[in-house]
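Structural characterization, general
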Amino acid sequence: MRDVAIIGIGCTTFGEKWGSSFRDLFVEAGALALEDAQLSGEKIDAMYVGNMSAGRFIEQEHIGALIADYAGLATHHIPSTRVEAACASGGLAFRQAMIAVASGMEDIVVAAGVEKMTDVEPGASTDTLTGAADREWEGFVGATFPGLYAMIATDYMHRYPLTREQLAQVAVKNHYNGARNPIAQFQQEITINTVLKSTMVAEPLRLFDCSPITDGAAAVIVAPLERAREFTDTPIRILASAQASDTITLHDRRDISTLDASVAAGQRAFRMAKLTHKDIDLIEVHDCFSIAEICAIEDLGFCKKGLAGRLTAEGETALNGRIPVNTSGGLKACGHPVGATGIKQVYEVVQQLRGEAGKRQIDGATIGMTHNVGGTGATVAVHIMGVD
Ligand code: COA
């Protein structure tokens, strides 16, 4: 297996982007990544595109071909493949690109993610997202994603000492980071009271415990490590790529407050990278709801079960904390265009490792981790990246 490095990154701003179409978003992110790698399109050997539900959000399928066409690569006839794993589509597209290069099949590969979610009315977006759960056992009986994560939060708060204020601090911290990220959907700081007084969505989760509905796209370009310096002075090496699955329904789980797929993918990633938690300088985790960040920190092994709320309240996950979590603002403040999120997480880690993260820069960061979840944890992708 060959070593693989990231040689270029690009990302649109995230938000309600009514002035840009689905294809505009992808082309913008792809062009930024090509410019970053000082590469022209004809050098691309293959593309993997994470997208959850263009069929329902914009009534368009056949995304791999569409993207290759609008990227100006149709006449090069390169393989272009859509990857779908709900909100983990981006993380899995990145993993497929990495595997293609590691195997020696391809050299220069684009991993991208794109979603245009705001063109449908809110009921339709909520219903489309429910497709990431089990439609027969969960969706048809009225469960929505906020509802499913509310069940996780209720179970968690019943069993572990997590206070409502500690949970709110996840959103406060992520909005603080988002306020320092020029691509973030929400760039305003909030207080614990903002969260506690916001509209109830699904008890105990309020508006500010939820990630929003977002349009956006992100792209990264990977290449064999041995060729990376042809394109960049700062290649970022992919040290580990892990993926795990679990039951799609919550009711079939051993424990609904522990995402076993996160545990498995995290352990595999640490084994592959031959690293321990102390080596990681920052993590981008899948905080689709505030409780999801609490679970992720614990399931990845950064603290014992039940302690992530305290860790957050004590500032250990803040920009200047022991293990900064979601320096981008996370899904909560940066936004969550579902198919693009896994790639945006990689984009953030690469910016941090290159020292290009501006006001949210973690001093001296050399190793970062991403954690991307599909559904309530039926798919998880974990990657570890480091300065070469
Ligand atoms: N956090 C903070 N503010 C938010 C927000 C969020 N998550 N979502 C919307 N807002 C703000 C909007 O900016 C708007 O503010 P304004 O009135 O100042 O312009 C206001 O709240 C109303 O926005 P609207 O789009 O009407 O919200 P909504 O009530 O239709 O949707 C949620 C709110 C929480 C239901 C929706 O964002 C949601 O479903 N989130 C979860 C998405 C999800 O499940 N993703 C998959 C996870 S795996």
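Residues numbered from 1 in each chain as written. Predicted model: local features only at pLDDT ≥ 70, side-chain atom pairs only at ≥ 80, totals over all residues. Heavy atoms only, no water.

**A short note on the overall build of the protein chain**
Basically, it comes down to this: Runs of E in the DSSP output that reach at least two residues are strands. Runs of H or I that reach at least four are helices, and both are numbered from the N terminus. Each radius of gyration reported is based on C-alpha atoms, and the globular scaling rule is 2.2 Å times the count of residues to the power 0.38. With a 1.4 Å probe rolled over the protein chains alone, any residue whose accessible area is under 20% of its type maximum counts as buried; one over 50% counts as exposed, and the rest are partly exposed. Contacts were defined at the residue level, with two residues in contact if any of their heavy atoms lie within 4.5 Å. We get accessible surface area from the Shrake-Rupley algorithm with a probe of 1.4 Å; when it comes to residues, only the shown protein chains can shield them.
Looking only at helices and strands, one finds 14 helices and 11 strands in the protein chain. The C-alpha atoms of the protein chain give 19 Å as radius of gyration, which agrees with the globular expectation for 388 residues (21 Å, within 12%). With the C-alpha coordinates of the protein chain rotated into their principal frame, the extents come out at 55 × 45 × 40 Å. When burial is assessed residue by residue, the protein chain has 62% of its 388 residues classed as buried. Considering only contacts in the protein chain between residues 6 or more positions apart, those separated by 24 or more positions represent 77%. Total accessible area on the protein chain stands at roughly 14500 Å², and carbon and sulfur atoms take up 51% of it.

**Things to note about the nonpolar core**
Soluble globular proteins tend to pack their nonpolar side chains together in the buried interior. Note the threshold: Think of a nonpolar core as a cluster: buried Ala, Val, Leu, Ile, Met, Phe, Trp, Tyr and Cys residues, connected wherever their side-chain atoms sit within 4.5 Å. Note that the domain bounds reflect an automated or database-derived domain assignment.
Of all hydrophobic cores here, the largest spans 60 residues; its most connected members are Tyr149, Ile280, Ile291, Phe302, Met369 and Ile384. Those elements giving two or more residues to this core turn out to be α6 (145-159), α7 (164-178), β8 (236-245), α10 (260-273), α11 (290-299), α12 (308-313), β10 (367-374) and β11 (379-387). Tallying contributions element by element places α6 first for this core, with 7 residues. Among the domains, domain 1 (4-121 + 214-236) and domain 2 (133-211 + 239-387) are the pair contributing at least three residues each to this core. Sequence-distant contacts of Phe302, that is, excluding residues within four places in its chain, are made with Phe270, His277, Ile280, Ile283, Ile297, Ile323 and Met369. Grouped together as the second largest cluster of nonpolar side chains are 40 residues, Cys11, Ala46, Val101 and Val222 included.

**Some remarks on the packing of α7 against α11**
Basically, it comes down to this: Axis angles are defined between N-to-C directions and span 0 to 180 degrees, where every axis is a line fitted to C-alpha atoms and, for a helix, only to the segment in contact. By definition in this entry, angles of less than 35 degrees are roughly parallel, angles greater than 145 are roughly antiparallel, angles of 65 to 115 are roughly perpendicular, and the rest are oblique. Note that Gly is not counted as nonpolar here; it falls among the polar residues with everything else outside the nonpolar set of Ala, Val, Leu, Ile, Met, Phe, Trp, Tyr, Cys and Pro and the charged set of Asp, Glu, Lys and Arg.
Here α7 crosses α11 at 95°, and the two axes come no closer than 8 Å. Put simply, α7 runs roughly perpendicular to α11. Contact residues: α7 offers Leu167, Val170, Lys173 and Asn174, while α11 offers Ser290, Ile291, Glu293 and Ile294. Its residues placed into classes, the contact of α7 with α11 shows 4 nonpolar, 2 polar and 2 charged.

**Looking at α6**
Heads up, the rule is: For a helix, the expected span equals 1.5 Å multiplied by the number of residues minus one.
With 15 residues, α6 extends 21 Å from end C-alpha to end C-alpha; this agrees with the ideal 21 Å at 1.5 Å per step. Those residues of α6 that sit buried are Phe145, Pro146, Gly147, Leu148, Tyr149, Ala150, Ile152, Ala153 and Tyr156. Packing partners of the buried residues in α6 comprise α5 (122-130), β5 (200-202), β6 (205-206), α11, α12 and β10.

**Thoughts on the sheet that holds β11**
The following threshold applies: By the convention used here, strands pair only if DSSP detects at least 2 bridges between them.
Spatially, the 9 strands line up as an open sheet ordered β3-β2-β4-β7-β1-β8-β11-β10-β9, and their pairing is mixed. Every interior strand has two partners, whereas the edge strands, β3 (80-83) and β9 (282-284), have only one. When strand polarity is set aside, the average angle formed by the axes of neighbouring strands in this sheet is 25°. Here 2 bridges tie strand β1 (residues 4-11) to β8, and the two strands are oriented antiparallel to one another.

**Observations regarding the side chain of Ser53**
Within the secondary structure, Ser53 is located in the loop between β2 (46-50) and α2 (54-57). We classify Ser53 as buried; its relative accessible area is 11%. In this structure Ser53 touches Arg82, Glu115 and Thr128, once residues within four positions along its chain are discounted.

**What about the site of the ligand?**
Operational definition: Consider each residue's heavy atoms; a residue with any of them within 4 Å of a molecule or strand counts as near. Under this definition, polar contacts are N or O atom pairs within 3.5 Å; protein pairs additionally need one hydrogen-donor-capable and one acceptor-capable atom, and for neighbouring residues in sequence, both atoms have to be side-chain atoms.
The environment of the ligand is formed by 15 residues, the closest being Leu129, Phe145, Cys210, Ser211 and Lys332. The separation between a nitrogen atom of the ligand and a polar main-chain atom of Ser211 is 2.8 Å. Taking 930 Å² as the accessible area of the ligand by itself, protein coverage stands at 62%. Residues of the shell around the ligand, tallied by class, amount to 12 nonpolar, 2 polar and 1 charged.

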